[in-house]
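Understanding the architecture of this molecule
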Amino acid sequence: MQQFIIRRILVAFVVLFGVSTFVFFMVHLIPGDPATVMLGVRATPSRVAALRESMGLDEPLVVQYGNFLLNVAQGDFGRSFRTNRPVVHEIQVRMWPTVQLALAGMGLALLIGIASGVLAASKRDTWVESLVMVVAMIGISLPNFVLGMLLMLFFSVHLRWLPTMGYGTPFHLVLPALSLGFLYSAIIARITRSSMVEILGMDYIRSARAKGLNEQAVMYKHALRNGLIPVVTIAGLYLGVLLGGAVVIETLFSWPGLGRLAVESIAARDYPMIQGIVLVLATGFVFVNLLVDISYGFLDPRIQYN
Amino acid sequence: MLTRKQWYKFRRKKVNFFAAGFILMLLLTAVLAEYVAPFPPRFQTRGSVLIGPSSTHLFGTDALGRDIFSRVVHGTRITVMLGVSATAIAAILGLLQGLIAGYYGGIWDTLIMRFTDMLLSIPGILLAISIIAILGPGLNNVIIAIGIGSMPQFTRVVRGSVLSVKEEDYVTGARVLGQSDFFIVLRHILPNIMGPVIVLATLRIAAAVLNAAALSFVGLGAQPPTPEWGAMLNEARRYLSSAWWYTVFPGGALALTVLSVNILGDSLRDILDPRTDY
């Protein structure tokens, strides 16, 4: 177990090293001269030269790469072109709303997904199961921003219950979290259902029923506890995706998170900022995956690592 | 093309007919867009700004007096084109990498698969956004970005299939006969790994259509006045409270397309997978 964790942490570091290399080369893969692209074609040659100098673009590639890794390891992502403030500060400000949205989205997804998955499994071969599965299929196909706009249309414009966009109160969180989480609630409902169906066919469930336990106890004490193992795994993996995937929903709801900052930075060609955001989000993703992998063993003691 | 058993599996789910019918209609619309649409996609009707659905304007008009139905119809062409070309890029690159990694193994396998793992460790949409940051916004760049973004999934599937196929007796036989690696891969391995690749490609087309629309929606993909569904939805945002049709019709077209392709992909997996025989 210990060996597995250590190996898994080492692999995570190798992946992060790869990601930083990719992020470093992002600027160098820009067609044409990065400094000219960033400043626009009308920039004077002296300004371009000054930017090249300050970015270290005139140094040999190996030196630039070394400096980049050294700075990143110390948490220094350079300064934003747009605001001239350190990228790290900007990211720190925008990080919490993104984390908040991802957690709320996953919370809703788990709540809706597990409840409807259990419902579908316990009402097997009835219209209830078909309904849940049809809604889940639609949930998997409905683009989250279309869902977001439809929710806005209904709850904000038509019923006037919730604010259309913005950030601050718990009310502002409801629609973005629901738009973001619905897809995952559909996935979780499918997985919960198939996992529960499998477990309800096991011998120990038959024994529990045979000794006269009521259906509620069988369902929640015996079946659900074991049925949730794959759900937890999937939820963990998707939490990482949610962190990076909130780009569109953040833009739609004017949510002041990292995703929206990324879109704004691309429009403004603010490369240090883009590099920082990609690096931070990818690190979050790798870190969450690492935790999920390690938690397998604790959730299901039957799993052995060899 | 389909055996009797496969046709039986397809027919068993009624929803497959709906999905196949919708896709067929979508393809026809894409080819015949000029004949289906009553107006050119950029034609502005004077004085008909943000008018609700009517017999002249089936889906209503937008903020510039353009017919939304015509724009949705012309949008099918863009959607089909980008879904297919992004997935083709992903499939071709993934096949190349997966075949090399699986067939030659050794250092090639290690290099390609570690690279693939690294790409998979960045969420797809973030990877696409990073690539757009390099190439700049625009529809063509979105296609490239999404293609590269789904490439690692193909690499993985192809490599896995190659590993199992290359141990088959007919591959050993071909090698004993002294056939070249290129010929063996082309004639013996490639045809036998296409099943999973086709299933993955179908499902990835749905994801590509969705992601491309999302990128256009945040302003990184198709730019106005291109009648792309995601870009149209972006324009619709400002008129959400006054013109529901502006959001509902392009959004509905997008959702139905992704839904149909997903349903077909799921069925295709069942049909091509012998483990679900009964």
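Residues numbered from 1 in each chain as written. Chains lettered and ligands numbered in written order. Predicted model: local features only at pLDDT ≥ 70, side-chain atom pairs only at ≥ 80, totals over all residues. Heavy atoms only, no water.

So, about the overall build of chain A. If you tally the helices and strands in chain A, you get 14 helices and zero strands. Reading the helices (α) and strands (β) of chain A from amino to carboxyl end gives α-α-α-α-α-α-α-α-α-α-α-α-α-α. Taken along its principal axes, the extent of the C-alpha atoms in chain A is 85 × 55 × 30 Å. Per-residue burial for chain A yields a buried fraction of 49% across its 306 residues. For chain A, long-range pairs separated by at least 24 residues make up 72% of all intrachain contacts whose partners lie at least 6 apart in sequence. When the accessible surface of chain A is summed, it comes to about 15400 Å², and 64% of that surface belongs to carbon and sulfur atoms. (Helix = DSSP H or I, 4+ residues; strand = E, 2+ residues; numbered from the N terminus. Buried < 20%, exposed > 50% of the residue type's maximum accessible area, 1.4 Å probe, protein only. Contact = heavy atoms within 4.5 Å. Areas by Shrake-Rupley, 256 points an atom, 1.4 Å probe, with all protein chains shown as cover.)

The next thing to look at is helix 1 (residues 4-12) of chain B. Within helix 1 of chain B the residues assigned to the buried category are B:Gln6, B:Lys9 and B:Phe10. Angularly, the buried residues of helix 1 of chain B cover 100° about the axis, an arc narrow enough to put them on a single face. (Arc of directions from axis to C-beta.)

Another point: the pattern of salt bridges. Evaluation of the coordinates by the stated rule reveals 13 salt bridges over all chains. Notably, a salt bridge pairs A:Arg94 with A:Glu264, separated by 3.4 Å at the nearest N-O pair. Residue A:Arg94 is located in helix 5 (residues 87-122), and its partner A:Glu264 is located in helix 13 (residues 258-267); the two are separated by 170 residues in the primary sequence. By relative accessible area, which is 16% here, A:Arg94 ends up buried. In this structure A:Glu264 comes out as partly exposed when scored by relative accessible area, which is 23%. A salt bridge links B:Arg114 to B:Asp117; the shortest N-O distance between them is 2.9 Å. One end of the pair is B:Arg114 and the other is B:Asp117, both in helix 5 (residues 106-120) and three residues apart, which spans about a single turn. On the basis of relative accessible area, B:Asp117 is assigned to the partly exposed category, the value being 22%. Overlapping salt bridges, with partners in common, bring together A:Arg94, A:Arg260 and A:Glu264 in one network. (Salt bridge = Lys/Arg side-chain N within 4 Å of Asp/Glu carboxyl O.)

With 38 residues of chain A at the contact, the number on the chain B side is 34 residues. A combined buried area of about 3300 Å² lies between chain A and chain B, and 84% of that area is made up of carbon and sulfur atoms. For the chain A face of the interface with chain B, the top three residues by lost area are A:Phe145, A:Met149 and A:Ile266, together amounting to 18%. Where chain A touches chain B, the interface holds one salt bridge. (Buried area = accessible area lost by both parts, 1.4 Å probe.)

Among the structural elements, A:Gly18 can be located in helix 1 (residues 2-29). Using a relative accessible area of 14% as the deciding quantity, one classes A:Gly18 as buried.

In this section: the environment of A:Phe253. Residues and elements named next belong to chain A. The residue Phe253 is located in the loop between helix 12 (247-252) and helix 13 in this model. Separated by 207 residues in sequence, Phe253 and Ser46 have C-alpha atoms that sit 41 Å apart. Every residue in contact with Phe253, bar those within four places of it in the chain, is listed here: Gly148, Met152, Thr164, Met165, Gly166, Leu175, Pro176 and Ser179.

This next bit is on the packing of helix 4 (residues 68-104) of chain B against helix 5 of chain B. Residue and element names in this part refer to chain B. Closest axis-to-axis distance for the helix 4/helix 5 pair is 7 Å, and the angle between their directions is 140°. Here helix 4 is positioned oblique relative to helix 5, judged by the angle of their axes. The hand of the helix 4/helix 5 crossing is left-handed. Two secondary-structure elements touch here, helix 4 through Gln97, Ile100, Ala101 and Tyr104 and helix 5 through Gly106, Trp108, Asp109, Ile112, Met113, Phe115 and Thr116. Looking at side-chain class alone, the contact of helix 4 with helix 5 contains seven nonpolar, three polar and one charged residues. (Axes fitted to C-alpha atoms, helices over the stretch in contact; angles between N-to-C directions. Parallel < 35°, antiparallel > 145°, perpendicular 65-115°, else oblique. Left-handed = near helix turned anticlockwise from the far one by under 90°. Nonpolar A, V, L, I, M, F, W, Y, C, P; charged D, E, K, R; others polar.)

Residue and element names in this part refer to chain B. Residues with a pLDDT of 70 or more make up 97% of chain B, whose mean pLDDT is 86. Mean pLDDT values over the elements of chain B span from 78, in helix 1, up to 93, in helix 4. Quick note on the complex model: pTM equals 0.85, ipTM equals 0.81. (pLDDT = per-residue confidence, 0-100.)

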